[in-house]
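Okay, here's what each chain looks like letter by letter:
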Amino acid sequence: MRRLVIVTIVGVLAGCSGGHGLDSPLKTCKAVTVALAGNKAVVWQAEQQSEQKGVQWQVTLDFILEGQPATDVSQAVCIYGLSSPDMDYRNTMGEYANTPTSMMINGMPIPASDLVQAVNRATADTAQGIGQDALQKLNGK
């Protein structure tokens, strides 16, 4: 029980400090793409980021799902709109939202409800990874 409490505290602190796997638009887009891929592993091929100053940040990722031919390259596009002006906490992504405000895979828009679920899964998976790393450090591995 004590280890669980320690791991939880470490995970929360790492999450609050920005030292986690979702602290940049690129990392977040990758994590959300992996969550949308379900149980298929993702092999990254290329990445690009662009900013339309004061409007949006865009991350474009080319990837292949494990087991597919190398010619079957898919593309994820994450759009980060401006963050809400009433945010009362530090936004790690500056003027842009911490999570994608819209996303497309192979040109098809991801419905907002599916995007929210994928962001939640990506966040949970990242927290679980942080907890496992902390537990391994506690066990001296």
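Residues numbered from 1 in each chain as written. Predicted model: local features only at pLDDT ≥ 70, side-chain atom pairs only at ≥ 80, totals over all residues. Heavy atoms only, no water.

Any chance you could break down the packing of aromatic side chains for me, citing the residues and the numbers?
Within a pair of aromatic rings, the relevant descriptors are the distance that separates the centres and the angle that separates the planes. On inspection of all chains with the given rule, the structure shows 2 aromatic pairs. With centroids separated by 5.9 Å and ring planes inclined at 65 degrees, the aromatic side chains of Trp44 and Phe63 adopt a geometry described as edge-to-face. Taken together, the residues span a long stretch of sequence, with Trp44 in strand E1 (residues 42–52) and Phe63 in strand E2 (residues 56–65) at a distance of 19 residues. With a centroid separation of 6.1 Å and an interplanar angle of 50 degrees, the aromatic rings of Trp57 and Tyr96 are classed as tilted. With a gap of 39 residues between them, Trp57 in strand E2 and Tyr96 in the loop between strand E3 (74–81) and strand E4 (102–105) connect regions that are remote in the sequence. A relative accessible area of 5% places Tyr96 in the buried class. (Phe/Tyr/Trp six-rings, centres within 6.5 Å; stacked < 30°, edge-to-face > 60°. Helix = DSSP H or I, 4+ residues; strand = E, 2+ residues; numbered from the N terminus. Buried < 20%, exposed > 50% of the residue type's maximum accessible area, 1.4 Å probe, protein only.)

I'd like to hear about the sheet that holds strand E5 (residues 108–109), residue by residue, with values.
With respect to topology, 5 strands assemble into an open sheet ordered E1-E2-E3-E4-E5, the strand pairing being antiparallel. Whereas interior strands pair on both sides, the edge strands pair on one side only; in this sheet they are E1 and E5. Note: E4 against E5, 2 bridges, orientation antiparallel. Pairing of Met104 across the sheet is with Pro109, part of E5. (Pairing = 2+ DSSP bridges.)

Lay out the pattern of salt bridges in plain terms, naming residues and giving numbers.
All told, the structure shown has 3 salt bridges when counted by the stated rule. With a closest N to O distance of 3.7 Å, Glu51 and Lys53 form a salt bridge. Judged by relative accessible area, Glu51 falls into the partly exposed class, the value being 38%. A salt bridge links Lys53 to Glu95, with the nearest nitrogen and oxygen atoms 3.3 Å apart. Taken as a pair, Lys53 in the loop between E1 and E2 and Glu95 in the loop between E3 and E4 lie far apart in primary sequence, 42 residues in all. (Salt bridge = Lys/Arg side-chain N within 4 Å of Asp/Glu carboxyl O.)

Break down the nonpolar core for me, citing the residues and quoting the values.
Val32, Val59 and Met103 are the most contacted members of the largest nonpolar core, which has 22 residues in total. Mapped by element, the contributors of at least two residues to this core are helix H2 (25–36), E2, E3, E4 and helix H3 (112–138). The element best represented in this core is H2, accounting for 5 residues. In this view, Met103 contacts Cys29, Val32, Thr33, Leu36, Ala76, Val77, Cys78, Met108, Pro109, Ile110 and Leu115; residues no more than four positions away in its chain are not counted. (Core = buried A, V, L, I, M, F, W, Y, C linked by side-chain atoms within 4.5 Å. Contact = heavy atoms within 4.5 Å.)

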